[in-house]
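One letter stands for each residue in the lines below.
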Amino acid sequence: MAKIKITETVLRDAHQSLIATRMSMDEMLPALSVMDKVGFYSVECWGGATFDACLRFLDEDPWERLRILKREMPKTKLQMLFRGQNMLGYRHYADDVLEYFVQKCVSNGIDIIRIFDALNDIRNMTTSIKATKKEGAHFQACISYTLSPVHSTQKFVEFAKQLENEGADSICIKDMAGLLKPYTTYELVGALKQAVKIPIQMHSHYTSGLASMAHLKAIEAGADMIDTSMSPLSMGTGHMATETLVAALQDTEYDTGLDLVILNEVRDYFEKLREKYLKNGLLDPKVMGVDANTLLYQVPGGMLSNLVSQLKQAGKSDKFDEVLREIPRVREDSGYPPLVTPTSQIVGTQAVFNVINGERYKTVTKEFKGLVKGEYGKTPEVIDPEFRRKIIGDEQPIDCRPADLIAPELEKLKAEAAKWAQQEEDVLSYAMFGQVAEKFFEKRLDRQSGIDYTNKDAQNKVMTV
């Protein structure tokens with residue numbers, strides 16, 4: 001069997017999961033040349049919440065970050081996470097904007113685009129798939145893993161076959177809540193390896209404490225690539241430690257071939273960063289532990305902290321267990337969506353309202369109404385027509401691909417962003433983050449005019465993504 005390949009996540013998902021995506025380009029820079037020597041299959045370093053965090057909190061141009069990463073790691077494939085029709089924002093965008101965004105991602109340095117949809121609705125992935133293939137980048141298709149009466153190994157295999165037929169170069173099992181148990185993983189990976197001809201990658205968070213066992217069984221079942229992160233920023237709501245997996249596989253048929261001495265150089269650097277994050281409060285020791293509630297309620301770690309915050313604000317902290325019991329019921333009512341951005345926030349917030357009001361669906365959030373209406377795509381299970389009418393009233397359900405209802409918007413956005421734009425990519429920053437991008441552009445102009453700008457409180461703000 002071929003050696004196991006490693007995707008290193010310390011520059012993106014690791015710090016997104018553990019320190020709210022606050023690692024700056026200045027903090028990354030000293031480690032990049034050594035990381036480029038390691039021989040990782042890829043380094044996941046862009047996409048997800050990094051774009052938002054750069055503009056909103058770090059006063060950085062995300063496009064310049066990408067160009068620096070490419071310059072400093074010329075031998076390593078750069079990988080990003082892409083939310084299908086949402087790109088890196090929080091709504092669906094018109095096809096022309098999405099196609100332009102993919103073009104700019106690849107021309108600025110991205111080699112692998114990992115594309116997922118929160119509902120596993122392939123219609124929300126088709127435009128980004130075609131755009132990725134057109135630009136010659138590697139299209140890695142995601143299966144958003146979850147548990148429910150309508151999700152099964154067979155269903156995931158059918159979805160994988162669809163993705164392969166659409167042109168996927170590889171498939172990633174995206175276990176965002178750490179729900180995959182070792183023997184379930186062995187069954188799923190084995191079934192996928194039999195059903196498709198393309199490589200299989202495993203991505204699992206450590207939230208429930210299962211990830212390392214799941215990874216080992218995935219490898220034994222034939223997985224080709226594994227996501228890990230450097231040990232100082234691993235475990236908890238993050239990922240399995242890179243060095244641990246490399247050591248575990250040494251002198252076996254699965255040996256990664258990576259050098260633990262070089263990895264230790266990288267580890268030493270991130271260990272100093274970890275100490276810095278602990279001292280300034282960015283790294284909360286609570287997120288480093290195991291949360292077994294994940295296995296009972298299938299609630300990702302980040303979603304749990306949001307629920308606690310919402311209940312505190314309402315003065316209803318004593319209702320936490322009741323909300324956890326309500327989440328599976330809301331999820332069932334809304335067609336069993338996987339709990340990943342944005343569906344985790346939508347289902348969780350609706351469960352909070354149901355409990356606080358003492359009456360289910362007395363108050364319905366705009367986002368939950370949109371989910372039930374079909375604005376986010378097709379749910380895994382058909383929603384009961386009577387329940388749908390109760391939530392959306394006489395409004396017409398959306399049964400087509402949601403983006404089909406969005407008119408081309410790129411030229412309009414270019415016109416709106418023209419007064420700030422200094423590079424073609426600025427229109428895409430504006431498209432996704434509007435006022436946040438405008439503020440960033442204004443600060444950039446101030447600096448260019450010689451006005452000293454320091455974002456003093458950036459590290460103290462909290463971002464939920």
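Residues numbered from 1 in each chain as written. Predicted model: local features only at pLDDT ≥ 70, side-chain atom pairs only at ≥ 80, totals over all residues. Heavy atoms only, no water.

J.: Describe the overall build of the protein chain, listing the residues and the values that go with them.
T.: Across its full length, the protein chain carries 19 helices and 8 strands. At 22 Å, the protein chain has a C-alpha radius of gyration in line with the 23 Å of a compact globule built from 465 residues. When the 465 residues of the protein chain are sorted by exposure, 58% land in the buried category. Contacts spanning at least 24 positions in sequence make up 75% of the contacts within the protein chain whose residues lie at least 6 apart. (Helix = DSSP H or I, 4+ residues; strand = E, 2+ residues; numbered from the N terminus. Rg over C-alpha atoms; globule rule 2.2 N^0.38 Å. Buried < 20%, exposed > 50% of the residue type's maximum accessible area, 1.4 Å probe, protein only. Contact = heavy atoms within 4.5 Å.)

J.: For helix α6 (residues 126–134), give the residues involved together with the corresponding values.
T.: Among the residues making up α6, those that are buried are Thr126, Thr127, Ser128, Ile129, Ala131 and Thr132. The inward-facing, buried residues of α6 contact β3 (78–82), α5 (95–107), β4 (112–115) and β5 (138–144). Within two residues after α6, Gly136 carries a phi angle of roughly 80°, on the positive side.

J.: Run through the packing of aromatic side chains, naming residues and quoting values.
T.: Ring pairs (aromatic) are described by centroid distance and by the angle formed between their planes. Across all of its chains, the model carries 17 aromatic pairs by this definition. Each ring, one from Trp63 and one from Phe101, has its centre 5.6 Å from the other, and the planes form 70°; the classification is edge-to-face. Here Phe101 lies in helix α5 and Trp63 lies in helix α4 (residues 62–72), a separation of 38 residues in the sequence. Given the relative accessible area of 0%, Phe101 is considered buried. An aromatic cluster of three or more residues is present, and its members are Trp46, Phe51, Trp63, Phe82, Tyr90, Phe101 and Phe433. The ring of Phe116 has Lys174 sitting right over it, with the charged end atom 4.9 Å from the ring centre. (Phe/Tyr/Trp six-rings, centres within 6.5 Å; stacked < 30°, edge-to-face > 60°. Lys NZ or Arg CZ within 6 Å of the ring centre and 35° of its normal.)

J.: Describe the side chain of Asp255, naming the residues involved and giving the relevant values.
T.: With respect to the helices and strands, the residue Asp255 is situated in the loop between α10 (242–249) and α11 (260–279). Lys3 provides the closest opposite charge to the buried, unpaired Asp255, separated from it by 5.4 Å. From its side chain, Asp255 meets the backbone nitrogen of Gly257 in a polar contact 2.8 Å long. In contact with Asp255, not counting residues within four places along its chain, are Lys3, Ile4, Leu249 and Gln250. (Lys, Arg positive; Asp, Glu negative; His and termini not counted. Salt bridge = Lys/Arg side-chain N within 4 Å of Asp/Glu carboxyl O. Polar contact = N/O pair within 3.5 Å; in protein donor to acceptor, adjacent residues only side chain to side chain.)

J.: Could you give me a rundown of the pattern of salt bridges, with the residues and numbers involved?
T.: Under the defined criterion, the tally for this structure stands at 31 salt bridges. Notably, a salt bridge pairs Asp61 with Arg67, separated by 3.9 Å at the nearest N-O pair.

J.: An account of the pairing of strand β7 (residues 200–204) is requested, with residue identities and associated values reported.
T.: Across the 5 residues that make up β7, a large majority, 5, are buried. Burial along β7 is two-sided: the face carrying Ile200, Met202 and Ser204 and the face carrying Gln201 and His203 are both buried. Two strands pair when backbone bridges link them, and strand β6 (residues 170–175) and β7 are joined in this way by 5 bridges, in the parallel orientation. Its bridge partner lying in β7, Ile173 is registered against Met202. Where the polypeptide runs from β6 across helix α8 (residues 182–195) and back to β7, its parallel neighbour, the crossover connection is right-handed. Note that β7 and strand β8 (residues 225–228) share 2 bridges and pair parallel. Bridging from a neighbouring strand, Gln201 pairs with Met225 of β8. (Pairing = 2+ DSSP bridges. Right-handed = clockwise from strand over helix to strand, strands pointing away.)

J.: Tell me what's going on with helix α14 (residues 320–333), and back it up with residues and numbers.
T.: The α-helix winds at 3.6 residues per turn, so residues separated by three or four positions along the chain end up facing the same way. Its 14 residues give α14 an end-to-end C-alpha distance of 20 Å, which sits within 8% of 20 Å, the value for a rise of 1.5 Å per residue. Among all positions in α14, only Phe320, Val323, Leu324, Glu326, Ile327, Val330, Arg331 and Asp333 are buried. Positive phi appears at Gly335, one or two residues downstream of α14, with a value of about 85°. (Expected span 1.5 Å × (residues − 1).)

J.: Tell me what's going on with the pairing of strand β1 (residues 5–8), and back it up with residues and numbers.
T.: Examined bridge by bridge, β1 and β8 share 4 bridges and lie parallel to one another. Residue pairing across strands places Lys5 opposite Met225, the latter belonging to β8. Examined bridge by bridge, β1 and strand β2 (residues 42–47) share 2 bridges and lie parallel to one another. Bridging from a neighbouring strand, Thr7 pairs with Ser42 of β2.

J.: Tell me about the nonpolar core, and please be specific about residues and values.
T.: Counting residues in each nonpolar core, the largest one holds 106 residues, and the members touching the most others are Leu11, Met35, Trp46, Phe101 and Phe270. Here the element with the most residues in this core is helix α19 (residues 426–448); it accounts for 10 residues. Every residue in contact with Phe270, bar those within four places of it in the chain, is listed here: Val10, Leu11, Met23, Ala31, Met35, Met230, Pro232 and Leu233. (Core = buried A, V, L, I, M, F, W, Y, C linked by side-chain atoms within 4.5 Å.)

Geometric descriptors of this kind do not, in isolation, establish any biological role.
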